[in-house]
Amino acid sequence: MTRAMHTPALLLLNDSPRLPLIAALAVQFAAKVTKWERQRRSRINLSMLDDRLLKDVGLTRYQARQEFTRPFWRS
């Protein structure tokens, strides 16, 4: 099992003045992929909520469907 770094930790590492360009780009890419994965998981979980739970978070079934059908790379 791999351990994922939190995005703030990746961003802090990216701000380090000692990182060579390729390392900085790798850190930025890792932060982006981490964000995409978090969005993907959130949308999958949203798609599994029943109408009662959707009402609790203030969404209709139509609004939830619009959100969970969006591609993972779109915010």
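Residues numbered from 1 in each chain as written. Predicted model: local features only at pLDDT ≥ 70, side-chain atom pairs only at ≥ 80, totals over all residues. Heavy atoms only, no water.

1. Looking at the confidence of the model for the protein
Which entries qualify depends on this criterion: Residue-level confidence of the predictor, termed pLDDT, takes values from 0 up to 100. Strands are runs of DSSP state E lasting at least two residues, helices are runs of H or I lasting at least four, and both sets are numbered from the N terminus onward.
On average, residues of the protein score 84 in pLDDT, and 79% of them reach the 70 mark or higher. Mean pLDDT across the elements of the protein bottoms out in helix H1 (residues 7-14) (65) and peaks in helix H3 (residues 51-57) (95).

2. Brief notes about the packing of aromatic side chains
Note the cut-off: To pair, rings of Phe, Tyr and Trp, with the six-membered ring standing in for Trp, must have centres within 6.5 Å; the planes then decide the type, stacked if under 30 degrees apart, edge-to-face if over 60, and tilted in the middle. Think of it in three bands: residues with accessible area under 20% of the maximum for their type are buried, residues over 50% are exposed, and the middle band is partly exposed, with areas taken using a 1.4 Å probe on protein chains only.
Per the stated rule, a full pass over the model turns up two aromatic pairs. Here Trp 36 and Phe 72 contribute two aromatic rings whose centre-to-centre distance is 5.5 Å and whose plane-to-plane angle is 75 degrees, an arrangement assigned as edge-to-face. Of this pair, Trp 36 sits in helix H2 (residues 21-47) while Phe 72 sits in the segment after helix H4 (61-68); the two residues are 36 residues apart in sequence, bridging distant segments of the chain. A relative accessible area of 26% means that Trp 36 is categorised as partly exposed. Using a relative accessible area of 36% as the deciding quantity, one classes Phe 72 as partly exposed. With centroids separated by 5.0 Å and ring planes inclined at 85 degrees, the aromatic side chains of Phe 72 and Trp 73 adopt a geometry described as edge-to-face. Accessibility expressed as a relative area gives 49% for Trp 73, which makes it partly exposed.

3. Thoughts on H2
Worth spelling out the cut-off: To estimate how far a helix should extend, the number of its residues minus one is multiplied by 1.5 Å.
The terminal C-alpha atoms of H2 lie 39 Å apart, and with 27 residues this matches the ideal 39 Å at 1.5 Å per residue to within 8%. Along H2, the positions that sit buried rather than exposed are Ala 24, Val 27, Ala 31, Gln 39, Arg 43 and Leu 46.

4. So, the environment of Ala 64
Cut-off, in case you're wondering: Contacts are residue-level and defined by heavy atoms, with any inter-residue pair within 4.5 Å sufficient.
Within the secondary structure, Ala 64 sits in helix H4. The class for Ala 64 is buried, based on a relative accessible area of 0%. A sequence separation of 16 residues divides Ala 64 from Met 48, and the C-alpha atoms of the two residues are 9.8 Å apart. Apart from residues lying up to four places away in sequence, Ala 64 is in contact with Leu 46 and Leu 54.

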